[in-house]
Amino acid sequence: MTADAVDIYDHDPVYFSLNEFEQHEQVKQLIDQIGSIDNQSVETVNTNEQTDVELIYDQFQYILNQYQEQPQLLDSYLPNMILRLLNYIEHGPNKNHIAGSLLHHIIKVRGFKVMTTRFLPHEPHHLIVVIKLIDRELEENSSSENAWATLYSLFVWLGTTCMVPLDLCRFDSKSSKQTTMVQILNIYKRFLYNSVYMRMVAFNIGHFMSRQDSIRLLCLNDYLTGEIFPILEKYDDKINDENIILRITASLQTVSYIFKFGQRLNLIIYVESLYNVLIDKKILNARRIVIRRMAYKLLQKLAMILLPMPKHGAAWRYRRGVRNLLDSLTLKKNTSTATTMTTTTTTTTLKSSSTLNGHKHETNQDGENDNAEDNSNVPSTVESIIDLLMAGLSDKELYVRWSSAKGLGRITNRLRKSYAAQLVSHLCDRISTVALLSCDHYALQGGCLALAELARRGLLLPERLASVMPIVHKSLNYDEKLGHQTYGHIVRDAACYVCWSFARAFDTIDFRSYTADLAGMLLCIICFDWNVQCRRAASAALQENVGRQGEYFPHGIDIIQQTDYNLIGKFDYCFLTLAFALIKYYDIYGRYMIEHLLKYKIIHWKKETRLLTSQLLEKTSSTYGTIEEIYETILLPVLDRCLDKKNDGIARHGLLASCGHIVYGLYQRFQKNPNECQRLSELRENLQNKIANLLNEYRLQGYLEGYSGDLIRPSLCSFIENISRSIDYFRQNTDDICLSNETIDCWQTIIDECISNLDDDVRQAGLNALKAFSNAFYSNSNSSHLIDRYLGKISITSQEHIRQGFSLAVASLPSQMLLGSKTIDKILDCLFKLIAITNQSQHLIKQRKDSLIALCDLYENTHFHLSSPFSNQTLVNKLINSFLRCTRDYTNDRFGDSGRLVREKACSQLVRLLQLINENSQTKSFLTLTILQNCFCAILTNLCSKIDDLRMNSGESIIKFLNIPFEEKIAHKNELNTIFLNQNDIDWRNSQIVFTMIVQLLIYDKYRYVIWSNCLITAGDLSNASQALYTFLKTNKSNDYLINLLLNDLEKIFSDQRIQMRVIIPSIQACERLLSQSTFENYYEKHSKQLIQHWTNIIQSLEDILTKKLQTINNNPTLYLHFIKLYCSLLQFNNIELKNLSLIINS
């Protein structure tokens, strides 16, 4: 076997729905290969390659891992596989451990409990065999890394053989000093306190101690009183010794299994002692989760031992349907026939045994079952245990809460009906008072889990649904934020589990009155819940309800097809696409979903949820319902809530954003059908008055100040933006202003404050609002007052964020205002100053970045107008040169290479500018071949960067550049298209892929120097770039002309008088790497003199650099190392002149 044969096993398997065990023949072959392995390959070898043993195990593990979600598909093939492996364990010398590791993996996939009870051989003689095999393994004490797996597999087999219904005394041997029972018990005791075997050994001991001969020979009594009780009595919560903690955990788990499998009469005498230990030692309050969990599991087992189990469970249980499908169908047919007959005949007597709606009721005169056992005298210990389990529902750990919930369900199944009713009533009261009122999410989740467990077991009767469903409703909507965290999702997830269990528990007739509300709530969770686990849990609950209660779920099949498990993983899809599609069933689900949005999501603590709510309300307002209904039930109530003094900043943020979007949705609807509503004028007038006074009222009430004001500023801008975009909705004619000057001035002030805000999101929201606001109210204005004010603030302020905001703001004003006010030249001068790099402005990175965007916006805003200054070629050339300078911004400050932000934006905006120039027939001729070539080379320079973000931005810019239909074609356009455009979805962040493409341009004269110089810089720090260069040069090693040109360019790089240290060091490192890999060896054999001359010139240039940059190098002595490594690499050429020159410089 070779490594190539198992390359596919190096990756994790893809899990999907399987139909059968398709690789069973391949697995058999792998098991058979164990016999062909020689003894040496089993031993550990110190090689880097995998041994045959490892290859077999990897393939076996890969195949079986695909069935972890569906292990039952293996069942029919397991007996044969297990017998083969056990044969190797028993008879195969030096092959037992590889067989044991494969068997252990089967046990891991299928589960040790299932394997113990079903698949392993269990003939009586196998008991002695497995004991001998375990003794052999313990005596050998093998150092193999798989020895533990072999022992584990043998212990599982031992658990199976111990279940034989024969007295173990029959297996005793006279030659043995110990009985078989003692041997087995000693083996278990030895490995019980090992964390690897603990759970499985505890399971086996539980079965072992339930044997009648163990009880008869007092093994159970001796083990509990002599082994377990002393360990538990030593418990102290202050103990931190891991060994003691492990022994206590193992003891609790073992006792739990003993009480699970043992008989009630044999164990009832130990209940009081164990209960007292748990209470006295406060084990139920242990800090360790695993101890607390095991203690609660044991606690419920104690109660079940005290309560006798009815033969078929509680007689009063709700039984839905029958297990057999044929019987169920026959029952439905008979029921329908009986229903038909009752329409013509009247029954005067009631049968003692009747079947109705699929559940069986056997009642007597008192309403109780005749066969119900009278356990009215419930022991006081059981009552205490129930109280403790109720308290466990509020534990901080999920495992404890779930264990407590299951325990309550199991105990309730052994109680009489009246006592069980009290328990359910107490549980509901506890959830309502403790959990919901005090916002205890742990207790609320635990209560929901308990309700689900009761429903699954038929212990929650239909008459209790009236008191339970309000709790489920509140739990499905529970979403409280505590500080910076929220725990409400665990409650909603548990509530979805309750809904799932109700679908399986109740018949359609008993549950039909609750299905409508339940469907609406589940759809709201699926569409609007921010937690993906809750959405998927609600989807599963909805599918279960549609499948079992389908006739009362309208459009159920259509809905579950849209609520796919994978699709609902995307929050935006659920909110904007899925919810919008479901609201089309308006009368059934739409109203409920909209009410849910208005009540909960519009004021949700999560900002993303509030914004998505506003967008969905916009789409809904433009499509569904009547306009009067939208005004009366949605828009006007939301506007009134905006001024409610009880709201905080979060609520106002959501309400304001939604108001603006709803108005814009109504405007879109008005454009499609202006005559849809007869009362539109009246409604619009009322709406206009409320809108005009809203933000004025906010300013008067002080809502715009402080932290609350900072929260709502983005929504204020969104509100202004959407109202401005919808201004024609309120106008009677095109010249109508609609809003008073006071309102306009208020809105302008708010926008100006947001534009100069320190927060980038608020500033961007203000700019978006200004664009829509100015188009609505300043589109025909020639006044320069606003522009002069903005330019004045730019020139006066020393704060960078204010310059950023107002430079972008002035460029976004309407073109009529910009060109009519004759201030365009002032704006251009101001923006050119902002992008200039001087000693004073060098550190203002964000200012230059946003000024580039402002220049491009300004050009886009005005270049089509006749009076545009950009019809002048000189100005266009100046603009392009400014962008080109910014592509070479290598500003370095305390944050590192901060100039990369300017270079990124310069590349993307340069391509945008070229596209705009090319779109205008009057200016496209300005783009000469020289300009286009310089622009393309500038972008290529940044594409060679070692920074992933810059490389990705430059790569996307190159794709856009090559797709622009310029009149002039840059050099080698077709070849560039082949390299960059013929590949789909290039991962520009992957340096290996990108540099492999880039180095192909080295053969073209127009791009060679740019690519060579910049790749050398990157190759000094990035191994992928260095490897790409090395591979290219090796491929073209016979191209002497190209190698000579590259060496000439290398001389130019180091002889450049303007060379900087950021270029020198990485370039020297890259040269040293290429020389150490004998890249120029082939060229040296043919043209040794030329190569020596090139490197002599380069060394002399480096000597000049050492002299000029001496002070810089002395400040960082490690830089000498790079020069020394390069000189040492040159010694490989065995040239005396070159050696002497290098030695002189080194000395």
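The name given to the protein in an unreviewed UniProt entry is Tubulin-specific chaperone D, with Rotaria socialis as the source organism. According to the UniProt record, the Sequence similarities (unreviewed entry) comment for the protein is "Belongs to the TBCD family."

### Examining the packing of helix α12 (residues 219–233) against helix α13 (residues 242–261)
Contact geometry of α12 with α13 gives a least axis separation of 9 Å together with a crossing angle of 145°. Seen from above, α12 lies across α13 with left-handed handedness. Within the contact between the two elements, α12 uses L220, Y223, L224, E227, I228, I231 and L232 and α13 uses R247, I248, S251, L252, T254, V255 and I258. Here the contact of α12 with α13 is built from residues that sort into 10 nonpolar, two polar and two charged.

### Thoughts on a nonpolar patch on the surface
Judged by side-chain polarity, Y1120, L1121 and I1124 come together as a nonpolar surface patch covering roughly 260 Å² of accessible area. Here Y1120 is to be found in helix α54 (residues 1119–1130). Relative accessible area serves as the criterion here: at 31%, Y1120 is assigned to the partly exposed category.

### Things to note about the nonpolar core
Counting residues in each nonpolar core, the largest one holds 381 residues, and the members touching the most others are F502, I880, F961, Y1007 and W1095. In this structure F502 touches A455, L460, L465, V468, M469, V472, F511 and Q549, once residues within four positions along its chain are discounted.

### A short note on the pattern of salt bridges
Within the structure shown, the criterion is met by 38 salt bridges. Close ionic contact of R699 with E753 constitutes a salt bridge, the shortest N to O distance being 3.7 Å. A residue pair is termed long-range when its members are at least 10 positions apart, and R699 in helix α32 (residues 680–701) and E753 in helix α34 (residues 741–755) qualify at 54 residues. Classification of R699 as partly exposed rests on a relative accessible area of 35%.

### Some thoughts on the environment of I1068
In this structure, I1068 sits in helix α50 (residues 1061–1076). Sequence spacing of I1068 and L1016 is 52 residues, and the spatial spacing of their C-alpha atoms is 8.2 Å. Filtering out sequence-adjacent residues up to four positions away, I1068 remains in contact with F1054, L1102, H1122, F1123 and L1126.

### Concerning the side chain of E1072
You can see E1072 is positioned in helix α50. For the buried E1072, no salt bridge is present, and the opposite-charge side chain at shortest range is R1073, 5.5 Å distant. Those residues in contact with E1072, other than ones at most four positions away along the chain, are K1125, L1126 and S1129.

### Observations regarding the confidence of the model for the protein
Counting all residues, the mean pLDDT for the protein is 85, and 90% of those residues have values of 70 or more. Between residues 1–16, whose pLDDT stays under 50, and residues either more than four places distant or in other chains, the model counts 21 contacts. Below a pLDDT of 50 lies the segment residues 338–375, which in the model reaches 39 contacts outside its immediate sequence neighbourhood of four places, other chains included.

### What about the packing of aromatic side chains?
In this structure the tally under the stated criterion is 38 aromatic pairs. Ring centres of F155 and F191 lie 4.8 Å apart, and the angle between their planes is 55°; on these two criteria the pair is classed as tilted. Residue F155 is located in helix α8 (residues 147–161), and its partner F191 is located in helix α9 (residues 180–192); the two are separated by 36 residues in the primary sequence. Note on accessibility: F155 and F191 belong to one class, buried. With a centroid separation of 6.3 Å and an interplanar angle of 70°, the aromatic rings of F1080 and W1095 are classed as edge-to-face.

### Let's talk about unusual backbone geometry
Residue K282 is not a glycine yet carries a positive backbone phi of 55°. Among the structural elements, K282 can be located in the loop between α15 (271–280) and α16 (289–306). Look at H972: it is not a glycine, yet its phi comes out positive at around 60°. A relative accessible area of 31% means that H972 is categorised as partly exposed.

### Let's talk about the packing of helix α21 (residues 441–456) against helix α23 (residues 488–505)
The interhelical angle for the contact between α21 and α23, taken along N-to-C directions, is 10°, at an axis separation of 8 Å. Here α21 is positioned roughly parallel relative to α23, judged by the angle of their axes. Seen from α21, the contacting residues are H441, Y442, L444, Q445, C448, L449, A452, E453, A455 and R456; seen from α23, they are I490, V491, A494, A495, Y497, V498, W500, S501, F502 and A505. Classifying every residue of the contact of α21 with α23 by side-chain character gives 15 nonpolar, three polar and two charged.

### Topic: α15
Here α15 has its buried residues at V271, L274, Y275, V277 and L278. Seen from one end, α15 has its buried residues packed into an arc of 160°, which puts them on one side. Just past α15, the residue K282 takes up positive phi, approximately 55°.

### Some words on the side chain of S1101
When you line up the elements, S1101 lands in helix α52 (residues 1088–1108). Residues within four places of S1101 in sequence aside, it is in contact with F1054 and S1055.

### Some remarks on the state of the cysteines
Here the structure, examined in full by the defined rule, presents zero disulfides. Free of any disulfide, C448 has its nearest cysteine sulfur in C499, 8.9 Å distant.

### Focus: helix α22 (residues 465–476)
Taking 1.5 Å as the rise per residue, α22 with 12 residues should run 16 Å; its terminal C-alpha atoms sit 16 Å apart, in good agreement. If you check which residues of α22 are buried, you get L465, V468, M469, I471, V472, S475 and L476. Relative to the axis of α22, the buried residues are bounded by an arc of 160° and lie together on one face. Facing away from the buried side of α22 by more than 90 degrees, the exposed set consists of A466 and K474.

### Focus: the environment of R591
If you trace the backbone, R591 turns up in helix α28 (residues 586–599). Measuring from C-alpha to C-alpha, the distance between R591 and G520 comes to 9.2 Å, with 71 residues separating the pair along the chain.

What counts, and where the lines are drawn
- Residues numbered from 1 in each chain as written.
- Predicted model: local features only at pLDDT ≥ 70, side-chain atom pairs only at ≥ 80, totals over all residues.
- Heavy atoms only, no water.
- UniProt positions renumbered as here; feature names shortened; annotations may be inferred.
- Axes fitted to C-alpha atoms, helices over the stretch in contact; angles between N-to-C directions.
- Helix = DSSP H or I, 4+ residues; strand = E, 2+ residues; numbered from the N terminus.
- Left-handed = near helix turned anticlockwise from the far one by under 90°.
- Contact = heavy atoms within 4.5 Å.
- Nonpolar A, V, L, I, M, F, W, Y, C, P; charged D, E, K, R; others polar.
- Patch = residues over 30% accessible without salt bridge, like charges linked within 9 Å, V, L, I, M, F, W, Y side chains within 5 Å.
- Areas by Shrake-Rupley, 256 points an atom, 1.4 Å probe, with all protein chains shown as cover.
- Salt bridge = Lys/Arg side-chain N within 4 Å of Asp/Glu carboxyl O.
- Buried < 20%, exposed > 50% of the residue type's maximum accessible area, 1.4 Å probe, protein only.
- Core = buried A, V, L, I, M, F, W, Y, C linked by side-chain atoms within 4.5 Å.
- Lys, Arg positive; Asp, Glu negative; His and termini not counted.
- pLDDT = per-residue confidence, 0-100.
- Phe/Tyr/Trp six-rings, centres within 6.5 Å; stacked < 30°, edge-to-face > 60°.
- Parallel < 35°, antiparallel > 145°, perpendicular 65-115°, else oblique.
- Arc of directions from axis to C-beta.
- Disulfide = S-S within 2.5 Å.
- Expected span 1.5 Å × (residues − 1).

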